[in-house]
Amino acid sequence: MAKSKYEYVRTFEFEDRCLQNCWIVVRLDGRSFHRFTSSHKFEKPNDKRALELMNRSAAAVMEEFRDVSLAYGQSDEYSFILRKNTDLYNRRQSKIMSAINSIFSASYVYYWNTFFEDKKLLYPPSFDARIVLYPTDQNLRDYLSWRQADTHINNLYNTAFWGLISMKGLSNNEAEKVLSGTVSSEKNEILFKECGTNYNNELPIYRKGTVLVRKLVNLPPSKSKKHVICPLHVDIIGDSFWEEYNEILNLKD
Ligand code: DGT
Ligand code: MG
Ligand code: MG
Ligand code: MG
Ligand code: MG
């Protein structure tokens, strides 16, 4: 086919392939969700339905891209881990990142009514995205540990903060003062003594966030096996998760 004289514009495109042998992490985060969650009157500090909507949208990404071997979500963010040797979109960053963001964002809107039957979506939510490459398994585990530690720190603070307000009748300023400069053990104690809440009894989905993994399950009666995407609310900082799901790090083709 003859080329048009405009064809040269393609030479302006640039290579953005992710380095070989590296874990590819795509993290999405809700844009201005401070405003979005307040406009939509999400429950404080955690709205279970909102978290489940995030999880459903992340599962939609995993249904579409088999090379996403694990995803981790908390608050208004989700991280997607693509196996080291994926050749999805020839490892082109912009393609991978934009496709994942688009599937997730569209799913968030598509499934909104499934989770919020009684709440109208008031305006289109949107998410930003970034891509990070990690060369070693330890780097990847440290990345995920960083996100789960963040979940813990924020959730303990928010649970204590809203506990002091809703159960003790403190103002936002007063609650902030009580908590300022406290370490984790002190926040736990304040929650227990002032609000009668044992932090360890809070739902695991709030304390640990959500890990989406693929599990091979038996399908009776044919006994055929099928991969299903399962949400877990477990510790991913220690070794036991990685021992149980050792195929995630050892994944070959
Ligand atoms: P950004 O990410 O820079 O565009 O700005 P934001 O406002 O999205 O900030 P970010 O991502 O640091 O914080 C997430 C916001 O979403 C924060 O204001 C708390 C809110 N949020 C997340 N999950 C929940 C929830 O389950 N319930 C409520 N009430 N708020 C939530
Ligand atoms: Mg942010
Ligand atoms: Mg955000
Ligand atoms: Mg966030
Ligand atoms: Mg096309």
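The structure displayed is predicted, hence computed values, not measured ones.

Caption draft 1: How the structure looks around the overall build of the protein. Scanning the protein from terminus to terminus reveals 10 helices and 6 strands. Along the first, second and third principal axes, the C-alpha set of the protein runs to 75 × 45 × 40 Å. Residues counted as buried form 42% of the 253 residues belonging to the protein. Contacts in the protein between residues far apart in sequence, at least 24 positions, make up 69% of those at least 6 positions apart.

Caption draft 2: Quick look at the site of ligand 1. By nearness alone, 15 residues border ligand 1, and Asp29, Ser32, Phe33, His34 and Asp47 come closest of all. Note that a nitrogen atom of ligand 1 is positioned 3.4 Å from one of the backbone N or O atoms of proline 45. A distance of 2.8 Å separates an oxygen atom of ligand 1 from a polar backbone atom of aspartate 47. Listed by contribution, the elements that provide at least two residues to the shell around ligand 1 are strand 1 (23-30) and helix 1 (33-39). If one sorts the elements of the shell around ligand 1 by residue count, helix 1 sits on top with 3 residues.

Caption draft 3: Quick look at the coordination of the magnesium ion (ligand 4). Each protein donor to the magnesium ion (ligand 4) is listed here as Asp29 (OD) and Asp76 (OD); together their distances run 2.1 to 2.3 Å. Between the two metal centres, the magnesium ion (ligand 4) and the magnesium ion (ligand 2), the spacing is 4.7 Å. Of this pair, aspartate 29 sits in strand 1 while aspartate 76 sits in the loop between strand 2 (68-74) and strand 3 (77-82), and the two are 47 residues apart along the sequence. Look at aspartate 76 and you get buried, because its relative accessible area is 16%.

Caption draft 4: View of helix 3 (residues 93-110). In this model helix 3 runs 25 Å from its N-terminal to its C-terminal C-alpha over 18 residues, within 8% of the 26 Å that 1.5 Å per residue would give. Listed as buried for helix 3 are Ile96, Ala99, Ile100, Asn101, Phe104, Ser105, Ser107 and Tyr108.

Caption draft 5: Summary view of the confidence of the model for the protein. Across the protein, pLDDT averages 96, with 98% of residues at or above 70. Taken together, the chains of this predicted complex give a pTM of 0.96 and an interface ipTM of 0.98.

Caption draft 6: Focus on the pattern of salt bridges. As enumerated under the stated definition, the model contains 11 salt bridges in all. The closest approach of N and O atoms between arginine 17 and glutamate 15, which form a salt bridge, is 3.6 Å. By relative accessible area, which is 62% here, glutamate 15 ends up exposed. A single salt-bridge network, built from bridges that share partners, covers Glu77, Arg147 and Asp150.

Caption draft 7: Focus on the pairing of strand 6 (residues 224-232). Summarising the sheet, strand 5 (residues 210-219) and strand 6 pair through 9 bridges and their orientation is antiparallel. Across the sheet, residue lysine 215 finds its bridge partner in strand 6, namely valine 228. Counting the residues that bridge the hairpin from strand 5 to strand 6 gives 4 residues, and of these lysine 223 lies at a positive phi of roughly 60 degrees.

Caption draft 8: Seen up close, the environment of cysteine 230. Note on placement: cysteine 230 falls in strand 6. Distance in space between the C-alpha atoms of cysteine 230 and leucine 216 is 10.0 Å, their sequence separation being 14 residues. If sequence neighbours within four positions are ignored, cysteine 230 has contacts with Val211, Leu212, Val213 and Lys215.

Caption draft 9: Here's a closer look at the sheet that holds strand 2. Strand order in the open sheet made by the 6 strands is 4-1-3-2-5-6, with antiparallel pairing throughout. Since the sheet does not close on itself, it has two edges, and those belong to strand 4 (127-134) and strand 6, each with one partner. Direction aside, the axes of adjacent strands within the sheet are offset by 25 degrees on average. By the bridge criterion, 8 bridges tie strand 1 to strand 4 in an arrangement that is antiparallel. When the bridges of strand 4 are listed, leucine 28 appears paired with alanine 129. On the sheet, helix 3 packs against strand 1, strand 2, strand 3 and strand 4 and is oriented at approximately 140 degrees with respect to strand 4.

Conventions and cut-offs
Residues numbered from 1 in each chain as written. Chains lettered and ligands numbered in written order. Predicted model: local features only at pLDDT ≥ 70, side-chain atom pairs only at ≥ 80, totals over all residues. Heavy atoms only, no water. Helix = DSSP H or I, 4+ residues; strand = E, 2+ residues; numbered from the N terminus. Buried < 20%, exposed > 50% of the residue type's maximum accessible area, 1.4 Å probe, protein only. Contact = heavy atoms within 4.5 Å. Near = heavy atom within 4 Å. Polar contact = N/O pair within 3.5 Å; in protein donor to acceptor, adjacent residues only side chain to side chain. Donors = N, O, S within 2.8 Å, 3.2 Å for Na, K, Ca; no water. Expected span 1.5 Å × (residues − 1). pLDDT = per-residue confidence, 0-100. Salt bridge = Lys/Arg side-chain N within 4 Å of Asp/Glu carboxyl O. Pairing = 2+ DSSP bridges. Axes fitted to C-alpha atoms, helices over the stretch in contact; angles between N-to-C directions.

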